[in-house]
Amino acid sequence: MMRLLRKIYFLFFLFLFVPVNLNGQSARQSFLLEKNWRFFQGEVAQGESMVLDDRTWEKVTIPHDWAIFGPFDRAHDLQDVAVTQNGEKKSTVKTGRTGGLPYVGVGWYRTSFVVPQFEPINKRVVLKFDGAMSEARVYVNGKEACFWPYGYNAFHCDVTELLHRDGRNNMVAVRLENKAQSSRWYPGAGLYRNVHVIVTDKIHVPVWGTYITTPFVSDSIASIKLETSLKNADGKSVRMVTAILDAAGHVVAQKENQQKINYGKPFVQNFEVIKPALWSPETPNLYSASTQVFVDGKLTDRFETRFGIREVRIIADRGFMLNGKIRKFQGVCNHHDLGPLGAAINVSALRYQLQLLKDMGCDAIRTAHNMPAPELVALCDELGLMMMIEPFDEWDIAKCKNGYHRFFADWAERDMVNMIHHFRNNPSVVMWSIGNEVPTQCSAEGYKVASFLQNICHREDPSRPVTCGMDKVSCVLENGFASLLDVPGLNYRTHRYEEAYAKLPQNLVLGSETASTVSSRGVYKFPVVKKGDMLYPDHQSSSYDMEYCSWSNLPDEDFALAEDHHWTMGQFVWTGFDYLGEPSPYDTDAWPNHSSMFGIIDLASIPKDRYYLYRSLWNKKEHTLHILPHWTWPDRVGQQTPVFVYTDYPSAELFINGKSQGIQRKTKNSLQERYRLMWMNTLYEPGEVKVVAYDESGKPAAEKIVRTAGKPFQIKMDTMHDSIAADGRTLAYIRVKAVDKAGNLCPHADGLVQFEVGGAGTFRALANGDPTNLEAFQKPQMHLFNGQLTLIVQSGEKSGKIKIQAKSNGLKEDVLTIQTVLAP
Ligand code: GAL
């Protein structure tokens, strides 16, 4: 009998969760406005007009970043400023600060769409923008629908009343404007994130209309609270049916409730999940709440909310706890650009980057200093990366002449609310940061602004702690600013952590931004010395990882702080990836530098040596054994050429052409010796350098060899993407190298490589990670930088083979094939 009942129950739920069609229409439809946009860079009088002929405008696909196509130019957004947060007192000309790309100015986009079977009385139509850079004015059928100034935030507007009632095409026009001196880094330009059309019944769950929390979490049971807002249901009696589904789609809990909706109050449902699969970076288990809304017996909406079950706590003196376990953040800060793709969002590019970070052992990302794309947050949920989302670099006091301070008074609360509603159901998001190094830190009333923003977080999402990245330590320790935050976050200032811990009531310190070590992939400078603000004639920094800026430090200091003090919460390194703009230490009249050197991974998504230093401490699952520098130094024969090894093993022996150079052990003699094995006196001779790592018991455990390269012989392409989706969007990243006859990387090769991409895909971009390189990312040819570059190709919409050919003068060419596959 019980079995029969269970079967009936199961069939009942199966029925409920099959998409329901009412009179041929499902309760909710959502689609992207992706193709067939027209774009014009520049002002257009009445660009929203219905009679304007836009057929001569460029045809583009969204997401689109108009500025990434270049050309690079010193004159773009030249800023004569004193960067006070870097300790500058006098203004100087800053070149390449925003990437040297033409993001400043006005741009217009236009497209049209049809709402299938539109019935204006019973339907609602919303346009949702995941981000538009910036000062977006949206027009529908010639009339203004909405305005949203902050280019990083998502926003939406109900356009129902502006739509044609007779089923004709509706025209959307968007005017964007980026002011000069509005940013400290490359912001991108245009409709760089997705645009959605959402069609619902009149009674519906609005955009970001659910809030799901897990008030009790244990291994044996978890309680789930779902609050669902409804539009146009005031005074109605609503029946809500929700099932909680696990990752395999099995119903693990369900509820059917009836409630009268009072004005503005959400519909509340509670669930129990037995033996929940908890979310963590190591186990990114996800669930979803599948909700159906019935009014007067009619299904009016269906809504899916993906979530995870996990518990976040902050404990004085102990730090951050996830699911009852203390852990220290092994995080990185990232700006939003994707190097050669610019700000235009692409899921496969993000996935590629996140996989590199995961392999390094990174477990967290700070979105500096702005709201992320929803695709990034969804991927962090799926792959297992915690997130600290941070909306602002400026509050009411300016850092940039035309920065966000212009909008702060009127828009800060709306921006915070959108951000929090957008991402408060994502399990990866474990903390909000309300700002970065805001000048307001030192103003007498600054604490009021901080508490205004923190209170918005507490009101809209009491489930997460709040921090702020602070650099003016003397101010914030005394003026009440730091003590009011849930979590005090220090940017750099490692020498003041102990004092902050002792003075602050929270008894905790988070490294909200750390390191800012600078390096160029494949560049090594001699002699090897630890030094701040080093400048060289070639405008590069050394990959011995000993160089930093006046305000910053080396990774070793942050490692030690995390290891030595139970009250530190770990760190967010500045930065995971190099980004466009802020080319410190070459930022003052130092053109052609135009991209950062802080990244652990370069602008072409190629790991620098530093990647392996972090990996040796952070990746607890796999060993790391990495040698630097390369071993091809024809001009250094007989000269002192230090060798560093980044490894998790405690000691290692180095051999040059078979001769032992001795054993090095990690010691506490200096911070560098604690985390790196260094042979400072080795003399260069061509041949091979070999490292043998010894385990705790002194037994050889692993070895690695680097050989002197011969002459460049051929171009070699490698990819981890042998097969990609034939969806017209997915990208494959291809590493391109010049190698000698034996296959060794030629680390000085800098020849031009030309590409032909044909068949089932197209050429998308190139990057070589050189922060001084002015070659266009979108031309299918580029010079190698220290022997390497990255090619990115994009699938078409048909299955087949993408054929890629790489040629370089005097070298043997290479051919690579990538399969594209249609979704089943
Ligand atoms: C920090 C700042 C970051 C970036 C970094 C470079 O002070 O918060 O946005 O500018 O310096 O080191």
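Residues numbered from 1 in each chain as written. Predicted model: local features only at pLDDT ≥ 70, side-chain atom pairs only at ≥ 80, totals over all residues. Heavy atoms only, no water.

## Section: helix α3 (residues 374–383)
Point 1. α3 sits mainly inside the fold: eight of its 10 residues count as buried.
Point 2. What α3 keeps buried is the set Pro374, Glu375, Leu376, Val377, Leu379, Cys380, Asp381 and Leu383.
Point 3. Considering only its buried residues, α3 is in contact with β21 (298–307), α2 (347–360), β26 (364–367), β27 (386–389), α4 (405–423) and β28 (429–436).
Point 4. Backbone geometry just downstream of α3 places Gly384 in the positive-phi region, at approximately 90°. (Buried < 20%, exposed > 50% of the residue type's maximum accessible area, 1.4 Å probe, protein only. Helix = DSSP H or I, 4+ residues; strand = E, 2+ residues; numbered from the N terminus. Contact = heavy atoms within 4.5 Å.)

## Thoughts on the pairing of strand β44 (residues 731–739)
Point 1. Burial of β44 is extensive: seven of the nine residues sit out of reach of the surface.
Point 2. Direction of pairing for strand β42 (residues 714–719) relative to β44: antiparallel, over a ladder of six bridges. Note that in β44 the partner of Thr719 across the bridge is Ile734.
Point 3. As judged from the seven bridges shared by β44 and strand β48 (residues 788–795), these two strands associate in the antiparallel manner. What sits directly across from Leu731, in β48, is Gln794. (Pairing = 2+ DSSP bridges.)

## Examining the pairing of strand β31 (residues 509–515)
Point 1. The buried fraction of β31 is high, at seven of seven residues.
Point 2. The pairing of strand β30 (residues 487–491) with β31 spans three bridges and is parallel. Looking at β31, one finds that Asn491 is bridged to Glu513.
Point 3. Handedness of the crossover joining β30 and β31 through helix α7 (residues 497–503) is recorded here as right-handed.
Point 4. In this structure, β31 lies alongside strand β34 (residues 568–574), joined through four bridges in parallel fashion. From the neighbouring strand, Val509 faces β34, where its bridge partner is Thr568. (Right-handed = clockwise from strand over helix to strand, strands pointing away.)

## Focus: the site of the ligand
Point 1. Within the structure, the ligand sits among Arg184, His369, Asn436, Glu437, Asn491, Tyr492, Glu513, Ser516, Trp551, Trp574, Glu582 and Phe598.
Point 2. Tyr492 places a polar side-chain atom, nitrogen or oxygen, 3.5 Å from an oxygen atom of the ligand.
Point 3. Glu513 has a polar side-chain atom sitting 3.0 Å from an oxygen atom of the ligand.
Point 4. In isolation the ligand offers 310 Å² of accessible surface; the protein chains occlude 99% of this area.
Point 5. Residue classes in the shell around the ligand are distributed as four nonpolar, four polar and four charged. (Near = heavy atom within 4 Å. Polar contact = N/O pair within 3.5 Å; in protein donor to acceptor, adjacent residues only side chain to side chain. Areas by Shrake-Rupley, 256 points an atom, 1.4 Å probe, with all protein chains shown as cover. Nonpolar A, V, L, I, M, F, W, Y, C, P; charged D, E, K, R; others polar.)

## Brief notes about the sheet that holds strand β19 (residues 267–274)
Point 1. Read across the open sheet, the three strands follow the order β15-β16-β19; overall the sheet is antiparallel. Only two strands of the sheet have a single neighbouring strand rather than two, namely β15 (210–217) and β19. Ignoring which end each strand starts from, the neighbouring axes of this sheet average 20° apart.
Point 2. With six bridges connecting them, β15 and strand β16 (residues 221–228) associate as antiparallel partners. Each bridged residue has a counterpart across the sheet, and for Ile212 the counterpart in β16 is Leu226. (Axes fitted to C-alpha atoms, helices over the stretch in contact; angles between N-to-C directions.)

## Brief notes about empty space enclosed by the protein
Point 1. Counted according to the given criterion, the structure contains eight cavities of 30 Å³ or more.
Point 2. Approximately 320 Å³ is the volume attributed to the largest cavity.
Point 3. In this structure, the largest cavity is lined by 25 residues; those nearest its centre are Tyr150, Tyr152, Ser182, Gly403 and Tyr404.
Point 4. In terms of residue class, the lining of the largest cavity is built from 11 nonpolar, eight polar and six charged. (1 Å grid on protein atoms, 1.4 Å probe; cavity = no way out; pocket = protein on both sides within 12 Å on 5 of 7 lines; lining within 4 Å. Points joined across faces, edges and corners; volume = space filled by probe spheres on them.)

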